[in-house]
Amino acid sequence: MRRNVLSAAALACTAVLATAMPAFADDPSPVPDTTAAPTDSREQAAETDPSPVPSDRGAAEATPAPAEDTDGVTVVPRGAPDTGDAPVAGQSGGDGMLIGGGAAAVLAAGGAAVFVVRRRASGA
Amino acid sequence: MTPFSRRAVVAVAVACLVTGCGGGGGSADDGPAATATPGDRPSAAAGSPVSGPRPPARSVPVGLQIPAIGVDTPVVRLGLAPDRTVEVPPITADDPAGWYRYSPTPGRPGPSVILGHVTVGAHGDGVFRHLARLRRDDGITVRLENGTAARFAVTSVRTVAKADFPTEDVYGDTARPELRLITCGGPLEDGEYRDNVIVFAALRATAP
């Protein structure tokens, strides 16, 4: 009987100790350290806050870039494309001036020729 | 043997069954997921049925040929202007066509967009001067950087007012590989063209 009682008591003590160990192990755990760590990381995050802003902008600009690697239009442009630089009115005007100038030169040459011929005829 | 042991055996059997079902459920999830992945591009699969041409590998366009209107031009890349409108090719004597780089490369599923000028100011006619003359089934060949070519056929030609530009029809997703050629058209109003001419084309073949 005594042996049974003693062994039961020993078993109970062992069980109590075994269950208590994790509790002991919890106590020395660096609770403050772990709480300090997040604050540090938050501070770091706060310090790095400014960087995400430009990085977001960069991402917004960079997102459309790899469209070549995807199927489908990744960025839909605004409005209608302006794919026509209207023909310059001066271009046809220039052609007209060229034609007019040529005609005037021909007339002048003809007039000069007639003048010379008449003068020679009257001189003879 | 005893009622207790029977209950234990039944409990273990039930547990095994439940565990087995869980595993089976996982694979069933994989099943739909696996079918959903192709389902994302079913359009591509459905749009390019067995008889359809196989889309070429992704490669940027470098040249464009449209024999019906005598076009044979290099292709440059275009992006977005600061006002978020699409960039247009440079105004030069031999103006090239330009591929909108945020659209698929020609031959890939979706609408690949290529733009060109109808006129280039003092330089006269632009590369897409006669785009509106294209008719259904006219051929368009886009040469790609990797040496292959995507051959398209015109499906329709539309002239639309710029004010009513059909953004969804032009840039909206399509199930099959398609091509959009865009230029200006219509009468001049205050020195600007009133309309856009848009050619819609579909992939017919790819060439090595």
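Cut-offs applied
Residues numbered from 1 in each chain as written. Chains lettered and ligands numbered in written order. Predicted model: local features only at pLDDT ≥ 70, side-chain atom pairs only at ≥ 80, totals over all residues. Pairing = 2+ DSSP bridges. Helix = DSSP H or I, 4+ residues; strand = E, 2+ residues; numbered from the N terminus. Axes fitted to C-alpha atoms, helices over the stretch in contact; angles between N-to-C directions. Buried ≥ 20, exposed ≤ 12 C-beta atoms within 10 Å, placed from the backbone. Core = buried A, V, L, I, M, F, W, Y, C linked by C-beta atoms within 7 Å. Contact = placed C-beta atoms within 7 Å. Nonpolar A, V, L, I, M, F, W, Y, C, P; charged D, E, K, R; others polar. pLDDT = per-residue confidence, 0-100.

- Looking up chain A in an unreviewed UniProt entry gives the name Tat pathway signal sequence domain protein, with the organism given as Streptomyces griseorubens.

### Points about the sheet that holds strand E1 (residues 61-66) of chain B
At step 1: Overall, mixed pairing links the eight strands, which are arranged E1-E2-E3-E4-E7-E8-E6-E5 (chain B) in a closed barrel. For this sheet, the mean inter-axis angle between neighbouring strands, taken without regard to orientation, is 35 degrees.

### Digging into unusual backbone geometry
Residues and elements named next belong to chain B.
At step 1: With a phi angle near 70 degrees, Arg84 is a residue other than glycine that sits in the positive phi range.
At step 2: Mapped onto the fold, Arg84 is located in the loop between strand E2 (71-78) and strand E3 (97-100).
At step 3: For Arg84, a count of 11 C-beta atoms within 10 Å puts it in the exposed group.
At step 4: The backbone phi angle of Asp190 is positive, close to 55 degrees, even though this residue is not glycine.
At step 5: We classify Asp190 as exposed; it has 6 C-beta atoms within 10 Å.

### Focus on the nonpolar core
Residues and elements named next belong to chain B.
At step 1: Grouped together as the largest cluster of nonpolar side chains are 39 residues, with contacts concentrated most on Leu64, Tyr100, Ile114, Leu115, Ile140, Leu181 and Val199.
At step 2: A total of six residues in this core trace back to one element, the largest contributor, which is strand E8 (residues 192-207).
At step 3: Each residue touching Ile114, except ones within four places of it in the same chain, is listed here: Leu64, Val75, Ala97, Gly98, Trp99, Leu179, Arg180 and Leu181.

### Looking at the interface of chain A and chain B
At step 1: With 23 residues of chain A in contact, the opposing surface of chain B contributes 40 residues.
At step 2: For the side of chain A that touches chain B, the per-class residue count stands at 11 nonpolar, six polar and six charged.

### Considerations on the confidence of the model for chain B
Residue and element names in this part refer to chain B.
At step 1: Looking at chain B, the pLDDT average stands at 82 and 75% of residues meet or exceed 70.
At step 2: Contacts for the low-pLDDT stretch residues 8-50, under 50 throughout, to residues beyond four places or in other chains number 13 contacts.
At step 3: Across the whole predicted complex the pTM is 0.59, and at the interface the ipTM reaches 0.73.

### Some words on the pairing of E1 of chain B
Residue and element names in this part refer to chain B.
At step 1: Pairing analysis gives four bridges linking E1 to strand E5 (residues 139-144), with the strands arranged antiparallel. Looking at E5, one finds that Gln65 is bridged to Thr141.
At step 2: Hairpin connection of E1 to E2: four residues between the antiparallel strands, including Gly70 at a positive phi of 65 degrees.

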